[in-house]
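# Coordinate analysis (summary)
Spelled out from the first residue to the last, the chains are:
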Amino acid sequence: MRVAVPHSLSRAEVRSRLDAKKDDMAGFVPGGMADIETYWQGEDRMMMVIRAMGQELNGHVDVEDTQVTFEIDLPLALSFVEPMVKGALEEKGRKLLS
């Protein structure tokens, strides 16, 4: 699953906001019952390990000049939550970057 969120910030500001709000990212998952670990792999890629609904998911956030791209590997068994997760990422990602 891939969600791109546009922004008009500098890359440094985006990284700063992601760092400041990384603990709030669990709220991006519907139900808020997620545990998310993050770490930076290079300057513009934040890696994520998401534990939710009895599953462990991997993903990352790429910081680009005009957008931030969230990518999460959703297994087929969780494909039913994709629309909810996409909507939450778009909504909360826009708030984070506005």
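Below you will find a few notes about this structure. Each chain carries its own residue numbering, running from 1 in the direction its sequence is written. A pLDDT threshold of at least 70 governs which residues receive local features in this predicted model, and a stricter bar of 80 or more applies before side-chain atom pairs are shown or counted, although totals over entire chains, interfaces and linings include all residues. Working from all heavy atoms in the structure, the side-chain values ignore hydrogens and water.

Attention now goes to the overall build of the protein chain. Numbering of helices and strands runs from the N terminus, with a helix taken as a DSSP run of H or I at least four residues long and a strand as a DSSP run of E at least two residues long. Within the protein chain one finds two helices and five strands. Each helix and strand of the protein chain, ordered N terminal to C terminal, gives the series β-α-β-β-β-β-α. Referenced to the eigenvectors of the C-alpha coordinate spread, the extents of the protein chain come out at roughly 35 × 20 × 20 Å. Evaluated residue by residue, the protein chain yields a buried proportion of 40% over its 98 residues. The long-range share in the protein chain, meaning contacts at least 24 apart out of those at least 6 apart in sequence, stands at 47%. The buried label goes to any residue with under 20% of its type's maximum accessible area, the exposed label to any with over 50%, and the partly exposed label to all in between, with areas taken from a 1.4 Å probe on protein chains only. Two residues form a contact once any of their heavy atoms are found within 4.5 Å.

A word on helix H2 (residues 82-97). The end-to-end C-alpha distance of H2 is 22 Å, a good match for the 22 Å that 16 residues give at a rise of 1.5 Å each. Restricting attention to buried positions, one finds in H2 the residues Val85, Ala88, Leu89, Gly93, Leu96 and Leu97. Viewed along the axis of H2, the buried residues span an arc of 135°, placing them on a single side of the element. Among the exposed residues of H2, those pointing more than 90 degrees away from its buried face are Pro83 and Lys95. Among the structural elements, strand E1 (2-6), helix H1 (11-21) and strand E5 (67-72) are those in contact with the buried residues of H2. By this rule the span expected of a helix is its residue count minus one, scaled by 1.5 Å. An arc is given here, and it is the one of the directions from the helix axis to the C-beta atoms.

Of all hydrophobic cores here, the largest spans 26 residues; its most connected members are Leu18, Ile50 and Ile72. Every element with two or more residues in this core is listed here: E1, H1, strand E3 (45-52), strand E4 (55-63), E5 and H2. Each nonpolar core is a collection of buried residues, namely Ala, Val, Leu, Ile, Met, Phe, Trp, Tyr and Cys, held together in the definition by side-chain atoms within 4.5 Å.

Now for the pairing of E1. Of the two faces of E1, the one lined by Val3 and Val5 is fully buried and the one lined by Arg2, Ala4 and Pro6 carries no buried residue. Strands are treated as partners if at least two bridges between them are detected by DSSP. Two strands pair when backbone bridges link them, and E1 and E5 are joined in this way by five bridges, in the antiparallel orientation. Bridging across to E5, Ala4 finds its partner in Thr69.

We now examine the side chain of Thr69. Looking at the element boundaries, Thr69 is found in strand E5. Counting of polar contacts relies on pairs of N or O atoms within 3.5 Å, with two restrictions inside protein: one atom must be capable of donating a hydrogen and the other of accepting it, and residues adjacent in sequence are counted only when both atoms are side-chain atoms. A polar contact is formed between the side chain of Thr69 and the side chain of Gln67, at a distance of 3.5 Å. In contact with Thr69, other than residues within four places in its own chain, are Arg2, Val3, Ala4, His60, Val61, Asp62 and Glu64.

A separate point is the environment of Ala34. Assignment of secondary structure puts Ala34 in the loop between H1 and strand E2 (35-40). With a relative accessible area of 15%, Ala34 lands in the buried category. Taking the C-alpha atoms as reference points, Ala34 and Ile50, 16 residues apart in sequence, are found 6.6 Å from one another.

Here the focus is H1. Those residues of H1 that fall on the buried side of the exposure criterion are Val14, Arg15 and Leu18. Down the axis, H1 shows its buried residues gathered within 100° of arc, on one side only. On the buried face of H1, the contacting elements are E2, E3, E4, E5 and H2.

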